[in-house]
Amino acid sequence: MSISSFHPPKRTLMGPGPSDVPQRILDALGRPTLGHLDPLFIGMMDELKSLLKYAFKTENELTLPISAPGSAGMEACFVNLVEPGDKVVVCINGVFGKRMLENVTRTGGVPVIVDSEWGKPVDVAKVEAALQANPDAKVLAFVHAETSTGAVSDAKALCALAKQHGCLSLVDAVTSLGGVELRVDEWGIDAIYSGSQKCLSCTPGLSPVSFSHAAVEAIKARKHPVQSWFLDMNLILGYWGEGGKRAYHHTAPVNALYGLHESLVILQDEGLENAWARHAAMHRCLAAGLESLGIRFVVDADSRLPQLNSVYIPDGVDDAGVRQQLLEKHNLEIGAGLGDFAGKVWRIGLMGYSARMENIRLLLSALAEAMQAQGYDCDAAAAIAAAEAAQG
Ligand code: PLP
C-alpha cells in the first residue's frame with residue numbers, strides 16, 4: 001500500500017466552525033518551528049497573552065491559550081473551580097449547556113439545572129430564582145453564544161446576578177469571542193473559555209481562557225488537588241506565568257500558536273468593536289437574502305447571534321441532499337441541526353473571515369439552486385439583491 005500526501009480542496013466554510021482561515025494565518029502556521037523554551041518563542045507567548053487580554057477586554061493576569069480545543073477550555077474551567085460537593089447552577093438552552101452539565105457531574109459537583117427553551121436565551125428570571133433557592137451555590141455556568149441554536153444570552157445580566165449571590169460566573173465564549181460584544185472585566189466574568197476556530201478564524205485546536213482574581217483565589221483555596229494534571233492552572237502558570245523562569249509543563253503547539261498570534265493581530269488591526277459591527281452588518285445582509293428565499297429564522301431577532309444563523313429547512317426540502325449539493329458542486333459547507341434540531345434546521349455560520357459579502361452571495365445562489373433542484377420555488381437574483389440592499 002502506498003499512501004500519498006493529503007491535498008484538501010479549498011472549501012468555503014459557512015457552518016458552525018471551523019470558519020474560513022485567511023491565507024495570512026495559514027502562512028504564519030508554516031513559519032520555522034522554534035523550541036518551546038526559546039527566548040524568541042517566549043516573547044511571542046507574552047504578546048499572545050496581551051492580544052488575548054485585548055480580545056477578552058480584561059486585565060486578568062491568568063489569560064492564555066490552553067493547548068487543546070474549546071472543550072478542553074471548558075474542562076479547564078470546571079476542573080479548577082469545582083471540587084467534589086460544590087453546588088453549580090448550570091444553564092441549559094442547547095447542546096453546549098448539556099456538555100457543561102456533564103463536566104459538573106464528572107468533577108463531583110452538585111448541579112442545579114436551569115432549563116430554557118432551545119432557540120431562546122437563558123431565562124434570567126429562572127436563574128435568579130435558582131440562585132435565591134440555592135444560597136450555597138459556588139458557581140453559575142452558562143453558554144454566552146449557543147452554537148447549537150444561534151441564541152445569544154445576556155451575559156452581563158447573568159454575571160451581575162452571580163455577583164449579587166456570591167457566585168463565581170463561568171462563561172462559554174467559544175462562539176462569541178470576536179463576534180459579539182463581550183466584556184470580561186466590565187461584566188465581572190470570573191472564568192471564561194473560547195475557541196480558536198470560530199470568530200477568530202484560526203485553525204481549530206486552541207482554547208483561550210481567562211480567570212479573574214476571585215477565580216484564582218478560589219483555585220488557590222481548593223481542599224483537593226485539581227484532578228486533571230494537564231489542566232491544573234497552578235501548573236500551567238509555571239509555563240505561561242509572568243516574568244521569572246518558564247518551567248517545562250508540556251510541549252506547546254508552537255506553530256499553532258503562531259497562527260493564533262496572527263489571527264489576534266488581524267483582530268487588533270481591524271479593531272474589536274469594528275469586528276463586532278462587521279458580524280452584525282453581514283448578518284443583516286444574510287437575513288435579508290434568506291428571508292427573500294422564504295426561509296424563516298429559529299431565533300427571535302433580538303436574541304440572534306449574527307455569526308450563527310439557525311434557519312428552518314423549508315417543507316419538502318431534503319436536508320442532507322441540499323448540504324451534499326452545496327459541498328460537492330460549490331465546495332460550500334453549512335451546518336446541520338444538532339440535538340433537538342437535527343433534521344429540522346440548518347446552521348449558517350458567518351464567523352470571522354467567513355463574514356464577508358462574497359460568501360453571502362455564494363451561499364444565496366448555491367442554496368437557491370439546490371432547493372430549486374428539489375422543486376422549491378425561489379429566486380436567487382432577488383435574494384442577492386435583497387442582501388446587497390441591506391448593506392446600507
Ligand atoms: N462550546 C460551544 C458553544 C461550541 O460551539 C463548541 C464547539 O463548537 C464547544 C464548546 C467545543 O469546542 P471544540 O469543538 O473546539 O472542542
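Residues numbered from 1 in each chain as written. Predicted model: local features only at pLDDT ≥ 70, side-chain atom pairs only at ≥ 80, totals over all residues. Heavy atoms only, no water.

Peer 1: What's the story with the overall build of the protein chain in this structure? I'm lost.
Peer 2: Across its full length, the protein chain holds 14 helices and 13 strands. Taken along the three principal axes of its C-alpha coordinates, the protein chain extends 65 × 55 × 50 Å. Expressed as a percentage of the 392 residues in the protein chain, the buried residues total 58%. Across the protein chain, the fraction of contacts at a sequence separation of at least 24, relative to all contacts at a separation of at least 6, is 72%. Of the accessible surface of the protein chain, which amounts to about 15,800 Å², a share of 54% is contributed by carbon and sulfur atoms. Computing the positive centroid from 33 side-chain charges and the negative centroid from 44, the protein chain places the two 2 Å apart. (Helix = DSSP H or I, 4+ residues; strand = E, 2+ residues; numbered from the N terminus. Buried < 20%, exposed > 50% of the residue type's maximum accessible area, 1.4 Å probe, protein only. Contact = heavy atoms within 4.5 Å. Areas by Shrake-Rupley, 256 points an atom, 1.4 Å probe, with all protein chains shown as cover. Lys, Arg positive; Asp, Glu negative; His and termini not counted. Charge placed at Lys NZ, Arg CZ, Asp CG, Glu CD.)

Peer 1: Please explain the domain arrangement of the protein chain as it appears in this structure.
Peer 2: When the parts of a complex come together, some accessible area is lost, and that lost area is often used as the size of the interface. Taken domain by domain, the protein chain holds domain 1 (23-268) and domain 2 (272-390). Distance from the C-alpha centre of domain 1 to the C-alpha centre of domain 2: 29 Å. The interface of domain 1 with domain 2 comprises 29 residues on the first partner and 24 residues on the second. Between domain 1 and domain 2, the buried area comes to about 2,100 Å², and carbon and sulfur atoms account for 63% of it. Applying the counting rule to domain 1 against domain 2 returns 10 residue pairs in polar contact (both at pLDDT 80 or more). Among the secondary structure elements, those contributing two or more residues to the side of domain 1 that touches domain 2 are helix H2 (39-56), helix H4 (95-106), strand S6 (145-146) and strand S7 (151-152). Here the residues of the side of domain 1 that touches domain 2 sort into 13 nonpolar, 10 polar and six charged. (Domains from an automatic or database assignment. Buried area = accessible area lost by both parts, 1.4 Å probe. Polar contact = N/O pair within 3.5 Å; in protein donor to acceptor, adjacent residues only side chain to side chain. Nonpolar A, V, L, I, M, F, W, Y, C, P; charged D, E, K, R; others polar.)

Peer 1: Hey, could you run me through the sheet that holds strand S1 (residues 12-14) in this one?
Peer 2: Strand pairing within a sheet occurs via backbone hydrogen bonds; the two strands may be parallel or antiparallel. What the four strands build is an open sheet, ordered S1-S12-S13-S11; its pairing is mixed. Two strands in the sheet have a free side with no partner beyond their single neighbour: S1 and strand S11 (308-312). Taken pair by pair, the neighbouring strands of this sheet meet at an average axis angle of 30°, ignoring direction. Sheet topology note: the S1/strand S12 (residues 332-336) ladder contains three bridges and is parallel. Counted as the bridge partner of Leu13 is Glu333 from S12. Packed onto the sheet, helix H12 (residues 319-330) meets S12 and strand S13 (345-349) and runs at close to 160° relative to S12. (Pairing = 2+ DSSP bridges. Axes fitted to C-alpha atoms, helices over the stretch in contact; angles between N-to-C directions.)

Peer 1: How should the side chain of Ser67 be read in this particular structure?
Peer 2: With respect to the helices and strands, Ser67 occurs in the loop between strand S2 (62-66) and helix H3 (70-81). A distance of 2.7 Å separates a polar atom in the side chain of Ser67 from a polar atom in the side chain of His250. The contact partners of Ser67, leaving out residues within four places of it in the chain, are Gly205, Leu206, Phe230, His250 and Pro253.

Peer 1: Quick question: what am I supposed to make of H4 here?
Peer 2: In an α-helix, one turn spans 3.6 residues; hence positions three or four apart end up facing the same way. Relative to the 16 Å expected for 12 residues at 1.5 Å per residue, H4 spans 17 Å between its end C-alpha atoms, a close match to the ideal helical length. Gly108 occupies a position one or two residues after H4 and carries a positive phi of about 85°. (Expected span 1.5 Å × (residues − 1).)

Peer 1: I keep staring at the side chain of Ser196 and nothing clicks. Help me out?
Peer 2: With respect to the helices, strands and loops of the structure, Ser196 is situated in the loop between strand S9 (191-193) and strand S10 (207-211). Of the residues examined, Ser196 reaches a relative accessible area of 0% and is grouped as buried. At 2.7 Å, the side chain of Ser196 forms a polar contact with the backbone oxygen of Thr203. Those residues in contact with Ser196 that sit more than four places away from it in its chain are Ser201, Cys202, Thr203, Pro204, Gly205, Leu206, Pro208 and Leu260.

Peer 1: Where do I start with the site of the ligand in this structure?
Peer 2: Close contacts around the ligand come from 13 residues, with Ser71, Thr147, Asp172, Gln197 and Lys198 the closest. Here an oxygen atom of the ligand sits 2.6 Å away from a polar atom, N or O, in the side chain of Ser71. Between an oxygen atom of the ligand and a side-chain N or O atom of Thr147, the distance comes to 2.4 Å. Alone, the ligand offers 390 Å² of accessible surface; in the complex the protein occludes 86% of this. Looking at the shell around the ligand, the elements with two or more residues in it are H3 and H4. For the shell around the ligand, a count of residues per class yields five nonpolar, five polar and three charged. (Near = heavy atom within 4 Å.)

Peer 1: Got a minute to help me understand the sheet that holds strand S8 (residues 168-172) in this structure?
Peer 2: Across the sheet, seven strands lie side by side as S2-S10-S9-S8-S5-S3-S4; this open sheet has mixed pairing. Edge positions in the sheet fall to S2 and strand S4 (110-115), since each of these pairs with one other strand and no more. Strand-to-strand twist of the sheet, defined as the mean angle between neighbouring strand axes without regard to direction, takes the value 15°. As paired strands, S8 and S9 are joined by three bridges and run parallel to one another. Bridged to Val171 within S9 is Ile192. Contacting strand S3 (87-92), S4, strand S5 (139-143), S8 and S9, H4 runs over the sheet at an angle of about 160° to S3. Across the sheet, helix H5 (residues 124-133) lies against S3, S4 and S5, angled at about 150° from S4, the strand it touches most.

Peer 1: What is the right way to read the packing of aromatic side chains from this model?
Peer 2: Note on aromatic pairs: each is described by the distance of the centres and the angle between the planes. Under the definition given, this model contains three aromatic pairs. Measuring from centroid to centroid gives 6.4 Å for Phe41 and Tyr258, while their planes differ by 65°, and the two rings are edge-to-face. Linking Phe41 in helix H2 with Tyr258 in helix H10 (residues 254-270), this pair joins segments that are 217 residues apart in sequence. Relative accessible area serves as the criterion here: at 10%, Tyr258 is assigned to the buried category. Looking at Arg304, its charged tip hangs above the ring of Phe297, at a distance of 3.9 Å from the centre. (Phe/Tyr/Trp six-rings, centres within 6.5 Å; stacked < 30°, edge-to-face > 60°. Lys NZ or Arg CZ within 6 Å of the ring centre and 35° of its normal.)

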